[in-house]
Structures are given as structure tokens and as C-alpha cells.
Amino acid sequence: MIEARNVTVSLGRARILSGVDFTAEPGRVTAIVGPNGSGKSTLVKALSGDLPYGGSITFNGRELAQMKPVEAAASRAVLPQAVALSFPYTVREVVRLGLMGGRSGALAGQDEHLPERALAKVDLSGFAGRFYQELSGGEQQRVQLARVLCQVWAPVLEGRPRYLILDEPVSSLDIKHQLLVMKIAREFAARGGGVVAVLHDLNLTAAFAEHVLVMRRGTRAAAGAPDAVMQDALLSEVFDCPLKVGAVPAGATPFVLPQAVPVV
Amino acid sequence: MSLSARMISFRHLDAAPAGDRSARARLAIALLVAALVVVAAISTATGASDASVLGVIKGWFHPSEEAALSARDRLIVYEIRLPRVALGILVGAALAVSGALMQGLFRNPLADPGIVGVSAGASLGAITVIVLGGTVLGPFVGLFGIYALPLAAFIGGLVTTLLLYRVATRQGQTSIATMLLAGIALAALAMALSGILIYMADDRQLRDLTFWQLGSLGGATWSKIGSAGPIIVLALASSSFLARGLNALALGEASARHLGIPVQRMKNTAILAVAAATGAAVAVSGGIGFVGIVVPHLLRLVIGPDHRYLLPAAALLGASLLLLADAVSRTVVAPAELPIGIVTAVFGAPFFLWVLLRRRGILDL
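Residues numbered from 1 in each chain as written. Chains lettered and ligands numbered in written order. Predicted model: local features only at pLDDT ≥ 70, side-chain atom pairs only at ≥ 80, totals over all residues.

1. Overview of the overall build of chain B
Part 1: Each helix and strand counted, chain B has 17 helices and two strands in total.
Part 2: The C-alpha radius of gyration computed for chain B amounts to 21 Å, which stays within 12% of the reference 21 Å derived for 365 residues, consistent with globular compactness.
Part 3: Seen through its C-alpha atoms, chain B measures out along the principal axes to roughly 65 × 60 × 35 Å.
Part 4: Sorting the 365 residues of chain B into buried and exposed places 49% on the buried side.
Part 5: Sequence separation of at least 24 residues holds for 79% of the intrachain contacts in chain B that already meet a minimum separation of 6. (Helix = DSSP H or I, 4+ residues; strand = E, 2+ residues; numbered from the N terminus. Rg over C-alpha atoms; globule rule 2.2 N^0.38 Å. Buried ≥ 20, exposed ≤ 12 C-beta atoms within 10 Å, placed from the backbone. Contact = placed C-beta atoms within 7 Å.)

Following this line, the structure appears as C-alpha cells:
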């Protein structure tokens, strides 16, 4: 389990996060949603070990700040928003970087086959020999996901669950690949790992997340199952925009629609 | 760039999975080892005098004939040609690896100790010892002996590298324009300070300095190799521990840390290795430019940017190319000698412009 207690992050004098409590349990996809500037990315950066934080963040009971980079790398992988490379790496070479820690958890001798298998998962079979710099933004994002999947190929290693931390994993993807990436996240969770994903799309959140953290101005506005937090009043207030939650047929996955904004 | 990378393709080797260039890289390294052996042998066998290497080698196996062999030939081979070849190998490897390390560290294919002022900083350190070694810095020279010169150059290179990194890098990202401009400023400052020292120098020092600044492998001695060699070998050896980290760093600092790399320690080691290798090379051979930009760039076209292969390949190709440049410098105006720095600049500067032109569209220059 990832457990964040009373997490505070300040950049210079500005307090970006104040007293955020948060848990991500293995076996489920936890979504972080909220308007721009609400602290979603900062929380993910703190969880990834990129920012000094106050309070406590533990992975399977171990305090993040006490973990060496190599230990943290064995317990979680992080998908950044976008990665630009300044050298001409092939797609396979980029994906293979995920294996450098040697803790993929795949069967002995299987590591060399993981790049191809990971690329197939993200619908990029046949791209291994292409140059990363020549791919579109969405393709690059999926190459990075393949790399991250190689790093924690086994969702559970030595009896301990591992985690995928995804910062806006579908931001530059078309709808087919948005669904594909969310399915990969669900599958990782179904096999015992934990997933934390920053998402902008409330409908994808409703369809794929088992737990939702709603952020507002650096604090937690709400947390719980999608049905519980996806309420007209809460969402409209947090996003400062009239929103309507519906479900067709009744009892199915809720969806969120903006209410018609009058044209002035 | 993909076009050039594809043009140099080794289709018959592609039993490896698509996109895996490690087999090709290993083959390239084997070929580079062979090339270096050949180039070094030719360099040892040729020179201004007609001394015969074969004769010297025959002498090893037929000691009785040794007496017949002229002592002059042995002296030329052992005390002039071999040290020169050894120094060329060390300096070429040091300059090429420094370039590759810096480019990896700055995540920037245009970083090179000569271009961004690190060599100028190292020169300032060396000039300081040459000019003030007999007076103010007497105790420093007394303490470190033959290591005083490379050590001073190392300190000069280290200070410049640290300053450059501070100025040009923000949150792990280097702007190419900022880096090149900061390099110009730092080089200008180092050259101005060097100028003050040169102004203070006496006639003999002045002559030494002028030739040294143009860069030359002439005057190579075993004692020079003894002073710079260990530092260069140490820097090259430590660079092999940096390869994985530099590969991860290509993804950015945060992603490198997420992959388990202790990023800060790795960067510190890289900066020390660059400063040590550049400093030692500058101390014994002066201003030899462009090796650090040409060699890694050519290699990336063939074997890709994986530092596990790029760094050893750069050492090998850097050594071979510098020996070739030295051969050119010894022959074009024979029996006189052209400083080797002029040769590398004549070939290297247009190459640098070519790289700039090709990348102009990609980078915001």
C-alpha cells in the first residue's frame, strides 16, 4: 500500500500541498483528479521522490525518504508526462532502459524478450527499430509506458506489491489508445499491483478507477469510490463549472457532462 | 539523422531483434581495436629519420645482432617515437571520452570541453604553473612535482565545468544556446587571465607557451606520460561506471532517479572525470580541439548513443584519429612540424558547423 499522511510540499514560499492524506491500495486503480493547479502533479512528484515533502509517504510500510534510488526503483515505476530525447535512441533501446535495475520480476532469462512484449502491449509491435525522435507525441508516450512496464513487469515481487505511478498517461492519446492504456492499468491492478494515475477525463476516471482522490487548491476535497465522489454538487464546486453526473441505464458507470454554458 | 543512421546499416548482422544495436556496437569496438593497433604500428614505424623499427625488433630475438644495430635507431624508437604514440593514444582517448561524457551529462550533442571553455580553463591552470611555477607557486610545484602541471590544469577545468553547469543547467535541463554562450564567456575570461600571465612571462616561457597553446604531441617523453597517464587512465576507468547512468539520464534527471540511478553522485563523478581527463590532456599536449565533438558524433551514427559502447569506442577512435592527425602534422610541411591543434581544427571546425547546420531545424538555435 502507498500511504501518504499529512503531506505538505512547499516550493520557495508558496505552499503547493498542505496536509494531504492519501492511500493507494494494491489491486486497484486510484485516480487523482482536480482542476489545473490543484496540486495533482505535485502530489505525484512527491510520491515519486522528486520533491522534498513534509509528513509521511510510505511504500509497503517503508518511508520513501529513507529508500535508496535503487530500492525505490524496485518498488515502483513512474511514467512522466512527456520525454524528449536529445540523442537518436531506437524505440527498443528506450524500452530496454526499464530493465537496467534488473528487477523486472520476469522469469530468469526472459528480460531480453520483454521490450518486444511490452511494445506489443501498448500496440507498438514493429516499432522496435524505429527512432524515438521520429515518433508522434502519442507514440512516444506509449513507448515510455512500455519502458515503465518493463521496470515492474511482475506486479508482485517477492510477495510485495509494486506500483505504477502514471502522470497524465492518456494526455496525448487518441480514444482507442486511451482505453488501451487504462485497460493495461486495470490489468496491472488485477494481478496484484497498485496504480496511481493523474487523470483529466472524468469519464475515464468513472469507467476505470476503483478509488478517486479529488484535489482542490493543494488539499484533498474528497476521496472514495467513483460513485461516492462523483456528485453534481462536489464536482461543480471543485471544478468551478456546472457539471451534471448521469448514468444510463441507471446503475451503470456514471458519466459527466458539462451543463450548457450560455453564449454571451 | 535517421537517414545517416540507416545509410550505415549492417543488415547481415541483424539476427539481433530490431532496434538492438549492441551486436553491431561490439563488432565496431573490435574493428576499432584492430584499427588502433595498425595505426599505432605505422606511427611507430614512420618518422622524420630513417630509423628502422624492424631492425629494433630483430634485435630482441637475436641479441647477438643487437650490437650491430645502431644505438641511434633504438634511441629514436624507444625515446622519441614510442612515447609520442603512447601520448597520442592517451590524449586522443581522453579528449574523445571527455566529449562523450559531457554530451551525456548536458544531454546535449554539442557539448565539448574545447567548445564550452573547459579546455580554456584547464589551459589557464597550466599556464599559471608554467609562468609562476618558479616564483609564487614554487611550493605547489615542489609538493606535486611532475603532477603539478596536470593537477593545475585539472583544477582549472573543474572550476570551469562547475561554473558552466551552474549557469547553463536549470532543473536538469540545458539550453543549448545558454550553454554555448556561457562557454564563450568562460573561455574569454580564462583567456584574458591567461593573457595577463603571458604578459608577465619571460622570453623562454613565452616561446614554450606559444607552441604549447597551439597543441602538439612533439616533445613527448616517458616522464610526461608518467605525469598525465595515471590521471587519464583513472578518468577513463571511472567513466565505465557512468555508462548506465548516462543512458538513464537521457530520459531526464527525474526519470533516471526513478530507474534507480543516484543522479547527483553520478553527475559529480562525470564532472570530475571530464575535468581530470581534459586537464591532463591539455597539460601535456596543449590546445587540441574538436576531437571530443567529432568522435562521439561519428560513432552515434554507427552504433547509437548507448554509453556502454559509446565510451570505449570513443576512447579507441579518439586515439586512432589523433595518431592520424599527428601523422598529418608531421608530414605536410616535413621536415618541419605543423602543430597538431591546427590539423584537428582544420578538420574539426567545419565538421562542427555541419553538425550545427543539420540540427538547426531540430534545436531552437
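From this point on, the discussion continues.
2. Section: the overall build of chain A
Part 1: Tallying secondary structure elements over chain A gives nine helices and 14 strands in all.
Part 2: Its C-alpha atoms give chain A a radius of gyration of 19 Å, near enough to 18 Å, the size a compact globule of 264 residues would have.
Part 3: Considering chain A as a whole, with its 264 residues, one finds that 48% of them fall into the buried category.
Part 4: A separation threshold of at least 6 residues defines the contact pool for chain A, and within that pool the share at least 24 residues apart is 65%.

3. Considering the nonpolar core
Part 1: Within the largest apolar cluster, 185 residues are counted, with the highest numbers of intra-cluster contacts made by Ala185(A), Ala94(B), Val97(B), Ala277(B), Ala280(B) and Ala314(B).
Part 2: The element that contributes the greatest number of residues to this core is helix 5 (residues 71–106) of chain B, accounting for 15 residues.
Part 3: If sequence neighbours within four positions are ignored, Val97(B) has contacts with Leu236(B), Ser239(B), Ala277(B), Leu311(B), Ala314(B), Ala315(B) and Gly318(B). (Core = buried A, V, L, I, M, F, W, Y, C linked by C-beta atoms within 7 Å.)

4. Comments concerning the interface of chain B and chain A
Part 1: Across the contact, 29 residues belong to chain B and 28 residues belong to chain A.
Part 2: Of all the elements in the fold, those that place two or more residues in the side of chain B that touches chain A are helix 1 (2–7), helix 12 (243–249) and helix 13 (253–258) of chain B.
Part 3: It is helix 13 of chain B that contributes the most residues to the side of chain B that touches chain A, four residues altogether.

5. A closer look at the pairing of strand 2 (residues 14–24) of chain A
All names here are of chain A.
Part 1: Examined bridge by bridge, strand 1 (residues 2–11) and strand 2 share seven bridges and lie antiparallel to one another. Within the sheet, the bridge partner assigned to Leu11 lies in strand 2 and is Ala14.
Part 2: Where strand 1 folds back on strand 2, the antiparallel hairpin that results is connected by two residues, among which Gly12 adopts a positive phi of roughly 65°. (Pairing = 2+ DSSP bridges.)

6. Section: the packing of helix 4 (residues 114–121) of chain A against helix 5 (residues 137–151) of chain A
All names here are of chain A.
Part 1: Orientation of helix 4 relative to helix 5, taken along the N-to-C sense of each, is 130°, at an axis distance of 9 Å. In terms of orientation, helix 4 lies oblique with respect to helix 5. As helix 4 packs across helix 5, the resulting crossing turns out to be right-handed. Residue-level contacts link Leu114, Pro115, Ala118, Leu119 and Lys121 of helix 4 to Ala146, Leu149 and Cys150 of helix 5.
Part 2: Residues that form the contact of helix 4 with helix 5 fall into these classes: seven nonpolar, no polar and one charged. (Axes fitted to C-alpha atoms, helices over the stretch in contact; angles between N-to-C directions. Parallel < 35°, antiparallel > 145°, perpendicular 65-115°, else oblique. Left-handed = near helix turned anticlockwise from the far one by under 90°. Nonpolar A, V, L, I, M, F, W, Y, C, P; charged D, E, K, R; others polar.)

7. Focus: the packing of helix 6 (residues 118–132) of chain B against helix 14 (residues 263–285) of chain B
Residue and element names in this part refer to chain B.
Part 1: For the pair helix 6 and helix 14, the least separation of the axes is 9 Å and the interaxial angle reads 55°. In this view, helix 6 runs oblique relative to helix 14, as classed from their interaxial angle. Relative to helix 14, helix 6 is oriented so that their crossing is right-handed. Only Val274, Thr278, Gly279, Val282 and Ala283 of helix 14 make contact with helix 6, whose side of the interface consists of Val118, Ser119, Ala122, Ser123, Gly125 and Ala126.
Part 2: Here the contact of helix 6 with helix 14 is composed, by residue class, of six nonpolar, five polar and no charged.

8. Some thoughts on the sheet that holds strand 12 (residues 219–224) of chain A
Residues and elements named next belong to chain A.
Part 1: Read across the sheet, six strands follow the order 6-9-10-3-11-12 without closing on themselves; strand pairing throughout is mixed. Across the chains shown, the open sheet's two edge strands, defined by having one partner strand only, are strand 6 (76–79) and strand 12. Here the average twist between neighbouring strands, direction ignored, is 15°.
Part 2: Pairing geometry for strand 6 and strand 9 (residues 163–167), over four bridges, is parallel. Bridge pairing in strand 9 places Leu79 opposite Leu166.

9. Quick word on the environment of Ala313(B)
Part 1: Tracing the backbone shows Ala313(B) in helix 16 (residues 307–331).
Part 2: With 29 C-beta atoms counted inside 10 Å, the residue Ala313(B) sits in the buried group.

10. With respect to the confidence of the model for chain B
Residue and element names in this part refer to chain B.
Part 1: When pLDDT is averaged along chain B, the result is 86, and 91% of the positions lie at 70 or above.
Part 2: Note on residues 1–12: pLDDT under 50 across the span, and ten contacts to partners over four residues away in sequence or across chains.
Part 3: If you check the scores for this complex, the pTM reads 0.89 and the ipTM reads 0.93. (pLDDT = per-residue confidence, 0-100.)

11. Details of unusual backbone geometry
Residues and elements named next belong to chain A.
Part 1: The phi dihedral of Asp123 is positive, around 65°, even though this residue is not glycine.
Part 2: Residue Asp123 is classed as partly exposed on the basis of its 15 C-beta neighbours within 10 Å.
Part 3: In this structure, Arg217 takes a positive phi of about 45° despite not being glycine.

12. Examining the sheet that holds strand 5 (residues 62–63) of chain A
Residue and element names in this part refer to chain A.
Part 1: Read across the open sheet, the four strands follow the order 2-1-4-5; overall the sheet is antiparallel. Edge positions in the open sheet fall to strand 2 and strand 5, since each of these has one partner strand only.
Part 2: Across five bridges, strand 1 lies against strand 4 (residues 54–59) in antiparallel orientation. Bridge pairing links Thr8 to Gly54 in strand 4.

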